[in-house]
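# Coordinate inspection notes
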Amino acid sequence: MVVSEVREEPGKLNIESVFHGNLTWFNIENPTERETAYLASNFPFHSLDLDDCLSRKQLPKIDEYEDYIFTILHFVLYRRATRTSTHGQISVFIGDKYLITLHTGEFKPLTKLFADCQTSEEARQKYLGHGSGYLLYRILDRMVDVYFPILDKIMSLVEDVEDAVFDENVEAAHELSILR
């Protein structure tokens, strides 16, 4: 079992990786052209897929190739301070012996799972020990699970505002529009 880490420094790439058995998980936060050039020279990825990883305005999609699958996934990012939400993108390359995630680093469930796999042999066995498909499933499961408390909180806030609207509070109507 080998864990390696490469951080962004002059001349180095912003790629971290975790190995277990014959599976490697490469995690790239805030990818640049340097990281996608590295991927292009070490994997059989289509150049348009690599370009899509750098664009923040891609639609969710799945592209299937003979040796790998490429997907772009969107997830909600909730800003507690402003009570607004936006979406962020995770790009994923998945092959038999690797999983590559590219993202901005704002997805706490993803970054925490990667950190857990870096520091814990038990986590590496649990998440990387069953193949790349299983690892992707566990990542997606964590990303979706985080929505439920957020949705509960938003629904509670909406109900509070709706109650206030029925009390003829104009300010509450404004709050409701912000939440929606």
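Our subject is the structure listed above.
Described in the following lines is the structure provided in the data block. (Residues numbered from 1 in each chain as written. Predicted model: local features only at pLDDT ≥ 70, side-chain atom pairs only at ≥ 80, totals over all residues. Heavy atoms only, no water.)

## Things to note about the pairing of strand 5 (residues 69-79)
Looking at chain direction, strand 4 (residues 61-64) and strand 5 are connected through 4 bridges and run antiparallel. Of the residues in strand 5, the one forming a bridge with Asp63 is Phe70. Hairpin connection of strand 4 to strand 5: 4 residues between the antiparallel strands. Pairing of strand 5 with strand 6 (residues 84-95) involves 11 bridges; the strand directions are antiparallel. Of the residues in strand 6, the one forming a bridge with Phe75 is Gly88. The antiparallel hairpin formed by strand 5 and strand 6 contains 4 residues in its connecting segment, where Arg83 sits at a positive phi of about 55°. (Pairing = 2+ DSSP bridges. Helix = DSSP H or I, 4+ residues; strand = E, 2+ residues; numbered from the N terminus.)

## With respect to the packing of aromatic side chains
Each aromatic ring pair is described using two quantities: the centre-to-centre distance and the angle formed by the ring planes. On inspection of all chains with the given rule, the structure shows 12 aromatic pairs. Ring centres of Tyr65 and Tyr68 lie 4.6 Å apart, and the angle between their planes is 20°; on these two criteria the pair is classed as stacked. Centre to centre, the rings of Phe75 and Phe107 are 6.1 Å apart; their planes meet at 75°, and the pair counts as edge-to-face. Placement of the pair is Phe75 in strand 5 and Phe107 in the loop between strand 7 (98-103) and helix 3 (108-119), with a sequence separation of 32 residues. By the burial criterion, Phe75 is buried, and Phe107 matches it. Put simply, the rings of Phe26, Phe43, Phe45, Tyr65, Tyr68, Phe70, Phe93 and Tyr98 pair up and form one aromatic cluster. (Phe/Tyr/Trp six-rings, centres within 6.5 Å; stacked < 30°, edge-to-face > 60°. Buried < 20%, exposed > 50% of the residue type's maximum accessible area, 1.4 Å probe, protein only.)

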